[in-house]
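What the coordinates show
Spelled out from the first residue to the last, the chains are:
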Amino acid sequence: MAAATNLEQDLASSEFAHGVHQGFWELVEHTGAILFIRMYAAEGRSYLLSLNAASYGEEPLEGRFVDFESRQVVASAWPQGNSVFEQWVKFKNDFFICWQEDRAGIRQHPEWRALEEWKKPNQLVSYLNFVRRLLHLKSRGYLPPPTTG
Amino acid sequence: MKVHVKVEEEEGVLQTLEYELLPTDSINALAAKLAADLDEPVADILADLGANGSVVTADMPALDVLHACASLRRVCIELHFETETITHRFSQKAKWERVHLFGCKKFAVADDACANLELHEGTIDGPVLNEQKRIGPANGCRTIWLVKPGPEPNGGRH
């Protein structure tokens, strides 16, 4: 119950609202512990980020990019980039986010769990800011798909 | 023919620039003079000179676009980077990306380091700005920080 309350508080926070107002992200759907957030990249394309927020606050979020229609994890739903980008975003085979505040990343690197890096004042916005930087900072290696036509 | 170009902020007119134009002078030629006088890119000046939402192309006769006067709307930005500060007026129509690139140039930030910086509003820890959005109007001078975000550990290659 407390976890759900904390998630609601963070969704209602000024920090989350700022990201919406700036055009970095928007909440598409919230069902139980699952959030679907549209993330906007610098060139305007958007990606649908699915976040598993079970035991929010106590456990890290788990993020995966999914297809807008089917909500399935498919290759075409994932942002792509160079080798720098690929250190965080595993978009080729395994489809997970390798980061200290992500549950799947911690499964790959159990030594990260003890650091409890996900325990931030606003866990949700911390995660979304991480993804925002991946899609907006040139140094993070995101490569927009080629435009057609 | 004399053309007067007013450079304005929300609080009023900052300066009025005067140029003598021939009927054959293009808007690009005027924009180049303005760009030199205001230390801004020609493209930003051309975007500002577009009237009533119409598109201004560089080869249009300046007098057809402006008639006798024009105004450039500016907003004051006080940009901070580490221990340095610079104040500059940008076009309200410019994107925040312009402020980022201006800062890297003025503070002598290397290209690879520049690509790793982001703009924060108000304080070094303030909310991040989307650099694809336009600056827009403001009363007074906006305080903006050019900030290097912290490192993001990852697992490397799997």
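Above this text you will find the structure in question.
Report follows, based on the coordinates. (Residues numbered from 1 in each chain as written. Chains lettered and ligands numbered in written order. Predicted model: local features only at pLDDT ≥ 70, side-chain atom pairs only at ≥ 80, totals over all residues. Heavy atoms only, no water.)

Where empty space is left can be seen by rolling a probe of water-molecule size over the atoms. Of the volumes computed, that of the largest pocket is approximately 470 Å³. In terms of lining, the largest pocket is formed by 24 residues, of which the most central are Asn122, Val125, Ser126, Asn129 and Arg133 of chain A. Residue assignment for the lining of the largest pocket shows that the elements contributing at least two residues are helix H2 (14–21) and helix H5 (123–136) of chain A. Tallying contributions element by element places H5 of chain A first for the lining of the largest pocket, with six residues. Split into classes, the residues belonging to the lining of the largest pocket amount to 10 nonpolar, seven polar and seven charged. There is about 400 Å³ of room inside the second largest pocket. Residue lining of the second largest pocket: 24 residues in total, with Ala42, His136, Leu137 and Lys138 of chain A together with Glu131 of chain B positioned closest to the centre. By residue class, the composition of the lining of the second largest pocket is 13 nonpolar, five polar and six charged. (1 Å grid on protein atoms, 1.4 Å probe; cavity = no way out; pocket = protein on both sides within 12 Å on 5 of 7 lines; lining within 4 Å. Points joined across faces, edges and corners; volume = space filled by probe spheres on them. Helix = DSSP H or I, 4+ residues; strand = E, 2+ residues; numbered from the N terminus. Nonpolar A, V, L, I, M, F, W, Y, C, P; charged D, E, K, R; others polar.)

Residue and element names in this part refer to chain B. If you walk through the whole model with that rule in mind, you get two disulfides over all chains. A sulfur-sulfur distance of 1.9 Å marks the disulfide that ties Cys76 to Cys141. Here Cys76 and Cys141 share a disulfide; its torsion about the S-S bond, -55 degrees, makes the bridge left-handed. Here Cys76, found in strand E3 (residues 69–81), pairs with Cys141, found in strand E6 (residues 141–147); they are 65 residues apart in sequence, far enough to count as distant. Between the sulfur of Cys104 and that of Cys114 lies a disulfide, 2.1 Å long from S to S. On the S-S bond that ties Cys104 to Cys114, the torsion sits near 95 degrees, and the link is right-handed. Of the two residues, Cys104 sits in helix H4 (residues 96–106) while Cys114 sits in helix H5 (residues 111–114), which places them 10 residues apart along the sequence. (Disulfide = S-S within 2.5 Å.)

What follows deals with the environment of Trp96 of chain B. Residue and element names in this part refer to chain B. Mapped onto the elements, Trp96 comes out in helix H4. Under the relative-accessibility criterion, Trp96 is labelled buried at 3%. Separated by 33 residues in sequence, Trp96 and Leu129 have C-alpha atoms that sit 7.5 Å apart. Ignoring any residue separated from it by four or fewer positions in sequence, one finds Trp96 in contact with Ile77, Leu119, Leu129, Asn130, Glu131, Lys133, Arg134, Ile135, Arg142 and Ile144. (Buried < 20%, exposed > 50% of the residue type's maximum accessible area, 1.4 Å probe, protein only. Contact = heavy atoms within 4.5 Å.)

Residues and elements named next belong to chain B. The geometry of helix H1 (residues 27–38) relative to helix H2 (residues 42–49) is characterised by a closest axis approach of 8 Å and an angle of 120 degrees between their N-to-C directions. Between H1 and H2 lies a crossing of right-handed hand. Contacts between H1 and H2 pair Ile27, Asn28, Ala31, Ala32, Leu34, Ala35 and Leu38 from the former with Val42, Ile45, Leu46 and Leu49 from the latter. When its residues are assigned to classes, the contact of H1 with H2 shows 10 nonpolar, one polar and no charged. (Axes fitted to C-alpha atoms, helices over the stretch in contact; angles between N-to-C directions. Left-handed = near helix turned anticlockwise from the far one by under 90°.)

For the rest of this paragraph, the subject is the packing of aromatic side chains. Residue and element names in this part refer to chain A. Counted under the stated rule, the structure contains 13 aromatic pairs over all chains. Measuring from ring centre to ring centre gives 6.2 Å for Tyr47 and Phe65, while their planes differ by 75 degrees; the resulting arrangement is edge-to-face. Residue Tyr47 is located in strand E3 (residues 46–52), and its partner Phe65 is located in strand E4 (residues 62–66); the two are separated by 18 residues in the primary sequence. With respect to class, Tyr47 is no different from Phe65; both count as buried. For the ring pair Phe65 and Trp78, a centre distance of 5.1 Å and an interplane angle of 75 degrees mean the geometry is edge-to-face. (Phe/Tyr/Trp six-rings, centres within 6.5 Å; stacked < 30°, edge-to-face > 60°.)

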